[in-house]
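What follows is the residue order along each chain.
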Amino acid sequence: MATQALFGQLLIGLINGAFYAMLSLGLSVIFGLLNIINFAHGAQYMMGAFVAYFLLSLTGLGYWWSLLLAPIVVGLFGIALERTMLKRLYHLDHLYGLLLTFGLALIIQGVFRNEFGSSGLPYAIPAQLTGGYNLGFMFLPAYRAWVVVFSLGVCLATWWVIERTKLGSYLRAATENPTLVRAFGINVPRMITLTYGFGVGLAGLAGVLAAPIYQVNPLMGADLIIVVFAVVVIGGMGSIMGSIVTGFALGVVEGFTKVFYPEASNTVIFVIMALVLLVRPTGLFGRAS
Amino acid sequence: MSEPLLRVRDLHAWYGESHILHGVTFDIDPGEVVTLLGRNGAGKTTTMKSIMGIVTRRRGSIQFQGRETIGLPSNAIARLGIAFCPEERGIFASLNVQENLLLPPVVREGGLGLDGIFGLFPNLKERLRSQGTKLSGGEQQMLAIGRILRTGARLLLLDEPTEGLAPVVREHIGATIARLKAQGFTILLVEQNFRFAATVADRHYVMEYGRVVDMIPNAQLEASMGKLHDYLGV
Ligand SMILES: Nc1ncnc2c1ncn2[C@@H]1O[C@H](COP(=O)(O)OP(=O)(O)OP(=O)(O)O)[C@@H](O)[C@H]1O
Ligand SMILES: [Mg+2]
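A. A look at the interface of chain A and chain B. Listed by partner, the interface residues are 18 residues for chain A and 22 residues for chain B. Carbon and sulfur atoms supply 60% of the area buried between chain A and chain B, which totals about 1,700 Å² over both sides. On the chain A side of the contact with chain B, E176(A), A183(A) and F184(A) bury the most area, a combined 34% of that side's loss. On inspection of chain A and its partner chain B, the count reaches 1 salt bridge. We note a salt bridge from E99(B) to R172(A), for which the minimum N-O separation is 2.9 Å. Taken together, the connections running from chain A to chain B amount to 7 residue pairs in polar contact (both at pLDDT 80 or more). Looking at the side of chain A that touches chain B, the elements with two or more residues in it are α6 (166-176) and α7 (178-183) of chain A. The element that contributes the greatest number of residues to the side of chain A that touches chain B is α6(A), accounting for 6 residues. Residue composition of the side of chain A that touches chain B, by class: 7 nonpolar, 5 polar and 6 charged.

B. Looking closely at the sheet that holds strand β4 (residues 57-64) of chain B. All names here are of chain B. Spatially, β2-β1-β4-β5 is the arrangement adopted by the 4 strands of the open sheet, whose pairing is antiparallel. Of all strands in the sheet, those with a lone pairing partner are β2 (18-28) and β5 (67-68), marking the two edges. Where strand β1 (residues 6-15) lies against β2, 8 bridges are found, and the strand directions are antiparallel. Along β2, the bridge assignment pairs L11 with V24. Each of β1, β2 and β4 is contacted by helix α1 (residues 44-52), which is oriented at about 75° to β2, the strand it contacts most.

C. Here's a closer look at the coordination of the magnesium ion (ligand 2). Residues and elements named next belong to chain B. At the metal site, the magnesium ion (ligand 2) is ligated by T45 (OG1) and E87 (OE), and these contacts range over 1.9 to 2.7 Å. Here T45, found in helix α1, pairs with E87, found in the loop between β6 (82-85) and α3 (97-102); they are 42 residues apart in sequence, far enough to count as distant. Overall, the relative accessible area of 25% leaves E87 in the partly exposed class.

D. Local environment of the sheet that holds strand β9 (residues 203-208) of chain B. Residue and element names in this part refer to chain B. The 6 strands are arranged β6-β7-β8-β3-β9-β10 in an open sheet whose pairing can be described as mixed. Two strands in the sheet have a free side with no partner beyond their single neighbour: β6 and β10 (211-217). The sheet shows a mean angle of 20° between the axes of neighbouring strands, taken without regard to direction. The pairing of β6 with strand β7 (residues 155-159) spans 4 bridges and is parallel.

E. Main features of the packing of helix α5 (residues 142-164) of chain A against helix α10 (residues 240-260) of chain A. Residue and element names in this part refer to chain A. Relative to each other, α5 and α10 sit at 165°, their axes nearing to 9 Å. Taken together, the axes of α5 and α10 are roughly antiparallel relative to one another. In the packing of α5 onto α10, the handedness of the crossing is left-handed. Across the interface between the two elements, V148, L152, C155, L156, W159, I162 and E163 of α5 pack against I240, M241, I244 and F248 of α10. The residue makeup of the contact of α5 with α10, split by class, is 10 nonpolar, no polar and 1 charged.

F. Representation of the site of ligand 1. All names here are of chain B. Around ligand 1, the surrounding shell holds 13 residues, and the nearest of these are G41, K44, T45, T46 and Q192. Between ligand 1 and E87 there is a distance of 3.1 Å, counted from an oxygen atom to a side-chain nitrogen or oxygen. A total of 630 Å² of accessible area belongs to ligand 1 in isolation, and the protein chains cover 60% of it. Tallied by class, the residues present in the shell around ligand 1 amount to 3 nonpolar, 6 polar and 4 charged.

G. Expanded view of the pattern of salt bridges. All names here are of chain B. In total, this model carries 8 salt bridges over all chains according to the counting rule given. Between D214 and K227 there is a salt bridge, and its shortest N-O distance comes to 3.1 Å. Placement of D214 in strand β10 and of K227 in helix α9 (residues 225-232) is noted, with a sequence separation of 13 residues between them. Classification of K227 as partly exposed rests on a relative accessible area of 39%.

H. Quick look at the packing of aromatic side chains. Residues and elements named next belong to chain A. Tallied over the full model, the rule gives 18 aromatic pairs over all chains. With 5.7 Å between their ring centres and 55° between their planes, F19 and Y214 make a pair best called tilted. Note that F19 is positioned in helix α1 (residues 3-34) and Y214 in helix α8 (residues 188-214), a separation of 195 residues in sequence. A residue is classified by how much of its surface remains accessible, and F19, at 1% relative accessible area, is buried.

I. Main features of the nonpolar core. Ranked by internal contacts, the top residues of the largest apolar core, which has 161 residues, are L149(B) and L156(B). A per-element tally of this core places α1(A) first, with 15 residues. Among residues more than four places away in sequence, those in contact with L149(B) are G111(B), L112(B), I117(B), L120(B), F121(B), L156(B), L180(B) and F185(B). One finds L37(B), V206(B), I216(B) and L232(B) within the second-largest nonpolar core, a separate group that totals 10 residues.

J. Highlighting unusual backbone geometry. All names here are of chain B. In this structure, D10 takes a positive phi of about 45° despite not being glycine. Among the residues examined, D10 registers a relative accessible area of 43% and is labelled partly exposed. Even without being a glycine, Q65 presents a positive backbone phi close to 50°. Mapped onto the elements of the fold, Q65 is located in the loop between β4 and β5.

Cut-offs and rules
Residues numbered from 1 in each chain as written. Chains lettered and ligands numbered in written order. Predicted model: local features only at pLDDT ≥ 70, side-chain atom pairs only at ≥ 80, totals over all residues. Heavy atoms only, no water. Contact = heavy atoms within 4.5 Å. Buried area = accessible area lost by both parts, 1.4 Å probe. Salt bridge = Lys/Arg side-chain N within 4 Å of Asp/Glu carboxyl O. Polar contact = N/O pair within 3.5 Å; in protein donor to acceptor, adjacent residues only side chain to side chain. Helix = DSSP H or I, 4+ residues; strand = E, 2+ residues; numbered from the N terminus. Nonpolar A, V, L, I, M, F, W, Y, C, P; charged D, E, K, R; others polar. Pairing = 2+ DSSP bridges. Axes fitted to C-alpha atoms, helices over the stretch in contact; angles between N-to-C directions. Donors = N, O, S within 2.8 Å, 3.2 Å for Na, K, Ca; no water. Buried < 20%, exposed > 50% of the residue type's maximum accessible area, 1.4 Å probe, protein only. Parallel < 35°, antiparallel > 145°, perpendicular 65-115°, else oblique. Left-handed = near helix turned anticlockwise from the far one by under 90°. Near = heavy atom within 4 Å. Areas by Shrake-Rupley, 256 points an atom, 1.4 Å probe, with all protein chains shown as cover. Phe/Tyr/Trp six-rings, centres within 6.5 Å; stacked < 30°, edge-to-face > 60°. Core = buried A, V, L, I, M, F, W, Y, C linked by side-chain atoms within 4.5 Å.

Nothing here speaks to function; it is geometry throughout.
Right, here's the structure in full:
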């Protein structure tokens, strides 16, 4: 086995894992507070990449501006969805939220595919992150290193805010008992709106990170979201650190599977999901409730 | 006569389609400790949740410091200075004791500082890093009361704070209620045990089938024992 190939796949695994982690983190936070399985998450990730593309082609604003603005734009889109549609579903079963967001995902992806086809639009790596480092045992492209480090940073910062700050304690408490938190004087409906906006914004941010790697494609989120749901099931809904660790770990597992048994690389996550569901239905980090 | 702090008139409340409160009327004056007595299912908790805006389908009038609150959402009602300690205590499992204690926002000046709360409940100080739900039942009750003392709320709604607690803890809670009264808090207390209620309260309202049917000043409690036994079926 060439170590070159092994490390190459490890890197690809970490990159995929970075996206799994960021997306499953947002899904998990949204599910915790809103009780909605946000099936539109993949479409919102795709929208992040498109916003970056438009910012560049229409206004000339480059990658770094997109990193800041695209999550805000996509997050605001999420807030509009929450205010006009999702908020009507909170008193119903999870299934209704899933169906609504699934429908929204199909519509959003359909509209983008109609307008832009499905061959993908190019988005260049920012000038500061072209090239790479020769580590001796492998070549490390700078942009890929950046994606792994930056998303890890974003994930850990999110974890820190939720688990260690006052704002996070409101979120955790409202996830457990929104009625009581509201009766303490906290505007829980506004918190729900902002949380959805945040989770969706995180998906948009992941989309910007992905644009230079996978191109900007209307269906880029459609396949990814299925894997991300498997990641969430494996990690267990509602655990922040669980989402992060599981996301990165499964990316790496997938990468190594490509080296050792390539035939299984597309299914390994689903096999793990099935096993976890059999042995520990609440997921590796999930709380039994 | 001073203006009542809380004035409830002809309060009706529903859970979905079930009509639970059928015209509840009572007053609480500033600085009073008042109880709601009544059998299981009489509507005591529902009355508190309606005052707090947790039960959203309600009609009638609830005035706090002269201000009508019947149309307000619960977060706005809390901001006026009313705080609720629920029957099931509502300690958050994903928060440690300190986070539970600091969760309710300060809505007014004049609340207790942490030192004041630890003065009432020294146990809490030792357990700040513990998960909220790892505390004993009595400690959880102390936490549930302690955390609403910080907020500056003038009116405290305590729903069966001694339920299921050992006698010594019950006495501690009773003494705490007396100290809070001495500090000027106004308290509405739901209590099954009227012997306990008699040790802390100024007046008692008796509820039956979603209405207040009687008011007994604490001084007349002894004389009203026969009547109370009938009301409460004890
Ligand atoms: N969430 C709910 N949905 C429907 N009905 C309810 C709900 N909560 C309470 N009830 C009903 O409302 C009535 C009054 O209940 P409530 O909890 O106010 O009584 P209570 O006086 O506090 O009784 P207890 O002493 O048992 O605590 C009861 O008949 C109860 O079954
Ligand atoms: Mg009750």
